Amino acid sequence: LLLQKFPAPDFVATTKMTFSPCKKGERAGLVIMGLDYATLTIENDENGLTLNQIECLNADKNTPEKTNASVSLSQNAIFLRVTVTQSKVINKDGITEPKANCSFSYSIDGKSFSSLGEVFTAREGLWIGAKVGLFCMRPKAINDSGYVDVDWFRITAVKE
């Protein structure tokens, strides 16, 4: 994991990456992480490379991940993006709390982005807060493994 604390107030995080897996189940992508998390995940599965928008609510309680949307990929180089819009809401106790809605999208050419999945509401972690970042993982420890080349990772402010 490579993570960055949320900049304020609204932002877009975009990355260009090339995923080179060796084994089935290896995956890499863009993550919004806290007690809940959501990702845009490139996975090497039985059908080849698939891009999934995944969320896990109550991850701290070992709740299983849910795949909200998937699309097959014909190439391993891709641009991933999350747009985060922050606001304040009043909870049931009358206390004002921050809220961050996260919308995921992807692009093959870096110019035209397509939305994927559902809007995710970020929730802070116990000691890390809510963060945005990149990850690369495999299902079990093995010597030969794939990798992801990250060309760049940029966070830009959304201007009002």
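Before any of the text, the structure's been laid out above.
Conventions adopted
Residues numbered from 1 in each chain as written. Predicted model: local features only at pLDDT ≥ 70, side-chain atom pairs only at ≥ 80, totals over all residues. Heavy atoms only, no water. Helix = DSSP H or I, 4+ residues; strand = E, 2+ residues; numbered from the N terminus. Rg over C-alpha atoms; globule rule 2.2 N^0.38 Å. Buried < 20%, exposed > 50% of the residue type's maximum accessible area, 1.4 Å probe, protein only. Contact = heavy atoms within 4.5 Å. Areas by Shrake-Rupley, 256 points an atom, 1.4 Å probe, with all protein chains shown as cover. Lys, Arg positive; Asp, Glu negative; His and termini not counted. Charge placed at Lys NZ, Arg CZ, Asp CG, Glu CD. Phe/Tyr/Trp six-rings, centres within 6.5 Å; stacked < 30°, edge-to-face > 60°. Lys NZ or Arg CZ within 6 Å of the ring centre and 35° of its normal.

### Comments concerning the overall build of the chain
What the chain contains, in helices and strands, is 0 helices and 12 strands. Along the chain, helices and strands appear, N-terminal first, in the series β-β-β-β-β-β-β-β-β-β-β-β. Against the compact-globule benchmark of 15 Å for 160 residues, the chain has a radius of gyration of 16 Å, which places it among compact chains. When each of the 160 residues of the chain is scored for burial, the buried share is 41%. In the chain, the share of contacts with a sequence separation of at least 24, taken over all contacts with a separation of at least 6, comes to 60%. Accessible surface, the chain: about 9100 Å² in total, of which carbon and sulfur atoms supply 49%. Counting 18 positive and 18 negative side-chain charges, the chain places the averaged centre of each group 3 Å from the other.

### Focus on the packing of aromatic side chains
Under the definition given, this model contains 1 aromatic pair. Taking the centre distance of 6.0 Å and the plane angle of 50 degrees together, the rings of Phe79 and Trp152 count as tilted. Taken together, the positions of Phe79 in strand S7 (residues 77-90) and Trp152 in strand S12 (residues 147-157) put the pair 73 residues apart, joining distant regions of the chain. For Arg81, the ring lying beneath its charged end belongs to Phe113, and the centroid distance is 3.7 Å. Residue placement shows Arg154 over the ring face of Trp152; its charged tip is 3.9 Å from the ring centre.

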